[in-house]
Amino acid sequence: MENQYYQKEIETASPETLRKWQDERLVKQVRHVWNDLPYYRKKMEEAGVTPDDIKSRDDLYKLPFLTKDDLRDAYPYGFLAVPRKDCVRIQSTSGTTGKRVVAFYTKEDIDLWEDCCARAITAAGGTADDVLQVCYGYGLFTGGAGLHGGSHKVGCMTLPMSSGNTDRQLQFMEDLGTTFLCCTPSYAQYLGECVKERGLSDRIHLRAGIFGAEAWSEEMRRDIEKTLGLKAYDIYGLTEISGPGVAFECCEQNGMHINEDHFIAEIIDPETGKVLPEGEKGELVFTSVDKAAFPLIRYRTRDICVLHRGKCSCGRTFLKMSKPMGRTDDMLIVKGVNVFPSQIETVLMELGYTSNYQIVVDRVNATDTIEVLVEMTAENFSDELGKITAIEKNILSALKAMLGISAKVRLVAPKSIERSEGKAIRVIDKRKI
Amino acid sequence: MTLNQISVFLENRTGELSAITRLLSENGVDLRALNIAETSDYGIIRFISNDQRKAAAILSAEDYVISVTPVSAVAVPDRPGGLSGLLALMADAGLNVGYMYSVFSESAGKAIMIMRVEDPEKLDALLASHPEYRMDEFC
């Protein structure tokens, strides 16, 4: 397939040009927040930094970080950096406890966000000939609005379905000949199961889909691609930075290109806050360099990933980020090694176990221990002890390979792992430090 | 003869075995043979009862992980050398025993053993010409 771009001159710009844009925009953005965001100006003053100290992106490290707590503190209007009459939209995060985070957009901010989504749709092969069905939620959530806007820009015939009502989703998909699907990966998987169960495979004409807003594995990708008969692309974003489309997958399907003309990405050590060299795993931090209404500087995403710059066969020069490997919020340090529940989950899924597991960390005789409780499944059970112990050994060595440290594995009865309100409790840390 | 054996995954904890036998007895399932293979963390109970279909349904409904495997019931003459004669015969025929255990009751001077072999039909065929080991009826 011919490589397609939505904004070719930007998406394939030389590294020097990209760098120049970032430097200029960052310098301007820092002046803007200094003048228009008293909350951040105070932080800069406390850190002893002024706009004069920021001459290029090499000076980015001098600027203080922002976290979700800052945004909650400043709720509702503390991070609105333009006069209210210039703000045309708000979106909000799906926070379930306490104060929500509210993001503001000017017309230009919406425009650049929709450009990002249009780039994602085009990179996934979308064109004006596509019938694009959006089953992300519409409303405060950025999923529906972002892909909807991007779809308009590309010129697809857009079906603003929003989430839910699976019968209607499938009906429209069949009747209107949907070719491009946008929703969460778990909903795509569910739609795939329905298509299979109802024998609709021959009556739907999907060819590509963009699925994001939650974590999904390569196994899930293969499953969705098979049941829905399409190519499945990942997308990354967060309301604080704009919404979906901060980064997107191209035809290589191995990492997401970050829209670097708008967002500068850094990887930091979540413990020390130090910037890590490219290729190292750490917390992803974004600086929005040209958004006006809600210009966040060095916002800590809590997502753990790796950045990689290299030649991509799609022709894009944008830095690539890996799929987030976990969250700093649930990172465990065991025997000095960072362990993410998601790594353990990947191992278990690959070996055919369900995602029902529990990690128990303890300290015995001044040494950390980690034990993974795995619920036995009918598929892995056997009347022969030897077969079960062989499976147990497989899990042990796969965990060792993934984590770099030895974990204990304990097979337990199905549904024996505690759940609170239907959600499994993943980690029990018994250490008293 | 070939029987369907039920195996159940159980954690190695006080009360687990009691719970499962109580569940079966409350539903009128009568155990005929029982065997446990265990590690320090978990065990596999393998059993034969008077109503395997019912037992499987009851256990599945209670979220136990089970597997149903064909096993062979053989009659072993209750005298010195009774078992070794049978095993020698099977070894000569290339039949390997994965595991075996005995049934609670005996009949007419014979002990009844449950054996797990790869190919139960081959064992049936072998014992067709050795009626002293053969079982045609169970329980």
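As a starting point, this report considers the structure included with it. (Residues numbered from 1 in each chain as written. Chains lettered and ligands numbered in written order. Predicted model: local features only at pLDDT ≥ 70, side-chain atom pairs only at ≥ 80, totals over all residues. Heavy atoms only, no water.)

Focus: the packing of helix H3 (residues 82-92) of chain B against helix H4 (residues 120-128) of chain B
Each pair of packed helices can be described by the angle between their axes along with the distance between the axes.
Residues and elements named next belong to chain B.
Then comes step 1: Interhelical geometry of H3 versus H4 gives an angle of 115° and a closest axis separation of 11 Å. Considering only the axes of H3 and H4, their crossing is right-handed. Contact residues: Leu86, Leu89 and Met90 in H3; Leu123, Leu126 and Leu127 in H4. (Axes fitted to C-alpha atoms, helices over the stretch in contact; angles between N-to-C directions. Helix = DSSP H or I, 4+ residues; strand = E, 2+ residues; numbered from the N terminus. Left-handed = near helix turned anticlockwise from the far one by under 90°. Contact = heavy atoms within 4.5 Å.)

Focus: the packing of aromatic side chains
Then comes step 1: Under the definition given, this model contains 11 aromatic pairs over all chains.
Then comes step 2: Centroid distance phenylalanine 79 of chain A to phenylalanine 294 of chain A: 6.4 Å. Interplanar angle 75°. Geometry classified as edge-to-face. Linking phenylalanine 79 of chain A in the loop between helix H4 (68-73) and strand S1 (87-92) with phenylalanine 294 of chain A in the loop between strand S11 (282-288) and strand S12 (299-305), this pair joins segments that are 215 residues apart in sequence.
Then comes step 3: The buried category is assigned to phenylalanine 79 of chain A, whose relative accessible area is 3%.
Then comes step 4: With 6.1 Å between their ring centres and 85° between their planes, phenylalanine 381 of chain A and phenylalanine 9 of chain B make a pair best called edge-to-face. Taken together, the positions of phenylalanine 381 of chain A in the loop between strand S19 (367-375) and helix H11 (385-403) and phenylalanine 9 of chain B in strand S1 (residues 2-11) put the pair across two chains. (Phe/Tyr/Trp six-rings, centres within 6.5 Å; stacked < 30°, edge-to-face > 60°. Buried < 20%, exposed > 50% of the residue type's maximum accessible area, 1.4 Å probe, protein only.)

Digging into a nonpolar patch on the surface
Residue and element names in this part refer to chain A.
Then comes step 1: A cluster of nonpolar residues, Met157, Phe172 and Leu176, forms a patch on the protein surface that exposes about 260 Å² of accessible area.
Then comes step 2: Within the element layout of this structure, leucine 176 appears in the loop between helix H7 (166-175) and strand S5 (180-183).
Then comes step 3: Here leucine 176 falls in the partly exposed class, since its relative accessible area comes to 39%. (Patch = residues over 30% accessible without salt bridge, like charges linked within 9 Å, V, L, I, M, F, W, Y side chains within 5 Å. Areas by Shrake-Rupley, 256 points an atom, 1.4 Å probe, with all protein chains shown as cover. Salt bridge = Lys/Arg side-chain N within 4 Å of Asp/Glu carboxyl O.)

As for the nonpolar core
Residue and element names in this part refer to chain A.
Then comes step 1: In this structure, Leu63, Tyr236, Leu284, Phe286 and Met321 are the most contacted members of the largest nonpolar core, which totals 54 residues.
Then comes step 2: Looking at this core, the element that brings in the most residues is helix H5 (residues 107-123), giving 5 residues.
Then comes step 3: Discounting chain neighbours no more than four positions away, the residues touching leucine 284 are Tyr236, Ala265, Glu266, Ile267, Tyr299, Arg300, Thr301, Arg302, Asp303, Cys305, Leu307 and Met321. (Core = buried A, V, L, I, M, F, W, Y, C linked by side-chain atoms within 4.5 Å.)

Examining the environment of glutamate 38 of chain B
Then comes step 1: Its location among the elements puts glutamate 38 of chain B in strand S2 (residues 31-38).
Then comes step 2: As for glutamate 38 of chain B and phenylalanine 9 of chain B, which are separated by 29 residues in sequence, their C-alpha atoms are 9.9 Å apart.

Side note on the pairing of S12 of chain A
All names here are of chain A.
Then comes step 1: Among the 7 residues in S12, 6 count as buried, and that is most of the element.
Then comes step 2: Where S11 lies against S12, 4 bridges are found, and the strand directions are antiparallel. Across the sheet, glycine 282 pairs through a bridge with cysteine 305, a residue of S12.
Then comes step 3: The pairing of S12 with strand S15 (residues 326-327) spans 2 bridges and is classified as antiparallel. Across the sheet, residue isoleucine 304 finds its bridge partner in S15, namely glycine 326. (Pairing = 2+ DSSP bridges.)

Some remarks on the interface of chain B and chain A
Then comes step 1: On the chain A side, the residues contacting the 19 residues of chain B number 19 residues.
Then comes step 2: Contact with chain A buries area across many residues of chain B, yet Phe9, Tyr42 and Val65 of chain B alone supply 36% of it, more than any other trio.
Then comes step 3: At the surface where chain B touches chain A, the tally comes to 3 salt bridges.
Then comes step 4: The salt bridge involving arginine 116 of chain B is made with glutamate 384 of chain A; its shortest N-O contact spans 2.9 Å.
Then comes step 5: Counting the contacts that link chain B with chain A gives 8 residue pairs in polar contact (both at pLDDT 80 or more).
Then comes step 6: Of all the secondary structure elements, the ones that give two or more residues to the side of chain B that touches chain A are S1, S2, strand S3 (42-49) and strand S4 (66-77) of chain B.
Then comes step 7: Ranked by residue count, the leading element in the side of chain B that touches chain A is S1 of chain B, at 5 residues. (Buried area = accessible area lost by both parts, 1.4 Å probe. Polar contact = N/O pair within 3.5 Å; in protein donor to acceptor, adjacent residues only side chain to side chain.)

Things to note about the side chain of threonine 239 of chain A
Then comes step 1: Turning to its location among the elements, threonine 239 of chain A is positioned in the loop between strand S7 (231-238) and strand S8 (243-249).
Then comes step 2: We classify threonine 239 of chain A as buried; its relative accessible area is 7%.

Comments concerning empty space enclosed by the protein
All names here are of chain A.
Then comes step 1: Applying the stated criterion to the full structure yields 3 cavities of 30 Å³ or more.
Then comes step 2: Lining the largest cavity, in full, are Leu71, Ala74, Tyr75, Pro76, Tyr77, Gly78, Phe79, Val101, Val102, Phe104 and Phe294.
Then comes step 3: Classifying every residue of the lining of the largest cavity by side-chain character gives 10 nonpolar, 1 polar and no charged. (1 Å grid on protein atoms, 1.4 Å probe; cavity = no way out; pocket = protein on both sides within 12 Å on 5 of 7 lines; lining within 4 Å. Points joined across faces, edges and corners; volume = space filled by probe spheres on them. Nonpolar A, V, L, I, M, F, W, Y, C, P; charged D, E, K, R; others polar.)

Some details on the layout of surface pockets
Any empty space left between the atoms is revealed when a probe the size of a water molecule rolls over them.
All names here are of chain A.
Then comes step 1: Of the volumes computed, that of the second largest pocket is approximately 360 Å³.
Then comes step 2: Taken together, 19 residues form the lining of the second largest pocket, with Arg57, Ala265, Glu266, Glu278 and Arg309 sitting closest to its centre.
Then comes step 3: Elements with a minimum of two residues in the lining of the second largest pocket: helix H2 (15-36) and strand S10 (263-268).
Then comes step 4: At 4 residues, the largest contribution of residues to the lining of the second largest pocket is made by H2.
Then comes step 5: Residues belonging to the lining of the second largest pocket are distributed by class as follows: 11 nonpolar, 1 polar and 7 charged.

Considering the packing of H5 of chain A against helix H6 (residues 142-154) of chain A
Residue and element names in this part refer to chain A.
Then comes step 1: As a packed pair, H5 and H6 sit with axes 7 Å apart at the nearest point and diverge in direction by 75°. Taken together, the axis directions place H5 and H6 in an arrangement best described as roughly perpendicular. In this structure, H5 uses Asp111, Trp113, Glu114, Asp115, Cys117, Ala118, Ile121 and Thr122 to contact H6, whose residues at the interface are Thr142, Ala145, Gly146, Leu147, Gly149, Gly150, Ser151, Lys153 and Val154.
Then comes step 2: Taken together, the residues of the contact of H5 with H6 sort by class into 7 nonpolar, 6 polar and 4 charged. (Parallel < 35°, antiparallel > 145°, perpendicular 65-115°, else oblique.)

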